[in-house]
Amino acid sequence: MVPGTEEADGLNGGSSHKGGDQPGASVGRGVLHGAFAVLEELARLEEAGLTQLAMATGLPKATTHRLLGRLADLGVVHREDGGRYRMGARMFRWGQRWAPAQVLSTAAVRPLQGLAGTGCSAVIVVRDGGDVIVVAGIVDPTVDEVFRLRPGVVLPAASAAEVVLAAWESASAVRPDPGRSRPEGHSTAEWARRVDGARDRGVAFDFEGALPPLACVAAPVRAPTGALVAAAAVVVHGTGRLPLLADAVRDTAARISVNLARVPGSGRALSLLTER
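All values reported here derive from a predicted model rather than from experimental measurement.

K.L.:
How would you explain the overall build of the protein chain if you had to name every residue and give the values?
P.N.:
Looking only at helices and strands, the protein chain has 10 helices and seven strands in total. Taking all 276 residues of the protein chain together, the buried fraction comes to 45%. Surface exposure of the protein chain reaches about 14000 Å², of which carbon and sulfur atoms provide 53%.

K.L.:
Break down the pairing of strand β7 (residues 228-237) for me, citing the residues and quoting the values.
P.N.:
In terms of residue burial, β7 counts as a mostly covered element, since nine of its 10 residues are buried. Alignment of strand β3 (residues 121-128) against β7, held across five bridges, turns out to be antiparallel. Across the sheet, the residue bridging to V125 is A231, located in β7. Pairing analysis gives nine bridges linking strand β6 (residues 214-222) to β7, with the strands arranged antiparallel. Bridging from a neighbouring strand, A218 pairs with A233 of β7. Count of turn residues in the β6/β7 antiparallel hairpin: five residues, of which G226 carries a positive phi of about 95°.

K.L.:
I'd like a description of the state of the cysteines, backed by residues and values.
P.N.:
Under the counting rule described, the total for this entry stands at zero disulfides. Distance from the sulfur of C120, which forms no disulfide, to the nearest cysteine sulfur (C216) is 9.6 Å. The class for C120 is buried, based on a relative accessible area of 2%. For C216, a relative accessible area of 8% gives the class buried.

K.L.:
Could you give an account of the pattern of salt bridges, with specific residues and numbers?
P.N.:
The final tally for this structure, using the stated rule, is nine salt bridges. The salt bridge involving E41 is made with R44; its shortest N-O contact spans 2.7 Å. Note that E41 and R44 are positioned in helix α1 (residues 25-45) at a spacing of three residues, about one turn of the helix. Note on E41: relative accessible area 17%, which makes it buried. When the shortest N-O distance is used, the salt bridge between E46 and R150 registers 3.1 Å. Taken together, the residues span a long stretch of sequence, with E46 in the loop between α1 and α2 (50-57) and R150 in the loop between α6 (141-144) and α7 (160-172) at a distance of 104 residues. Residue class for E46 comes out partly exposed when judged on its relative accessible area of 27%. Judged by its relative accessible area of 23%, R150 falls in the partly exposed class.

Rules of the game
Residues numbered from 1 in each chain as written. Predicted model: local features only at pLDDT ≥ 70, side-chain atom pairs only at ≥ 80, totals over all residues. Heavy atoms only, no water. Helix = DSSP H or I, 4+ residues; strand = E, 2+ residues; numbered from the N terminus. Buried < 20%, exposed > 50% of the residue type's maximum accessible area, 1.4 Å probe, protein only. Areas by Shrake-Rupley, 256 points an atom, 1.4 Å probe, with all protein chains shown as cover. Pairing = 2+ DSSP bridges. Disulfide = S-S within 2.5 Å. Salt bridge = Lys/Arg side-chain N within 4 Å of Asp/Glu carboxyl O.

So, in structure tokens, the structure goes:
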């Protein structure tokens, strides 16, 4: 059961009064939690049916059906003729207005074009809580067949991009804790070695660890203030070319960092990525 959704069945009315809450506040929070749980799973699955979404979220099927109906009425999700659901146009419009993504996409478009010209997928990613998500990129069709690196997708845990973000986040911390962002399945010592190695080299490698048979190399992107805000990365088939791409990725990340200073309003937008 998704936390906070126990009362989501009360979508058509009713209230719950706990502590200092106003009547109906708990029900309202339950509905929001349930709606966002459904949307998260739909974003992950891209297309799904009612039963699949109910099972993935842990919500009752009747609750999931009511939530999907309301979200469809609002244009947030789209219901296809066969009863399958996809993200709706309204979600797309909202997503395009996220300020950090707009700024990073503007600064990265030309550098990523040059990097993608080497025959790989080139992306820029940011941290979103415990996830690392793609903001923008240029995708190679052969890579896309294995893993779709579209904007908004969450990268698998322990990717090279996540190592980069962890390395420079801990380097800028007053009290570094290399285990703070340690992905599940990695020991503290193992994760610390990857983070320290990335910091020493200026890039992080992932030799088919997170995305087999794909491999990745990533480098840090900085705001004009010097703060870490993102990572630039390439994803290729196999591991043979990866060391040869390291310098190109470092250069691309540096060019994006320089470009960020030229984008109007970048300081305020990028501050959303540095607030902890």
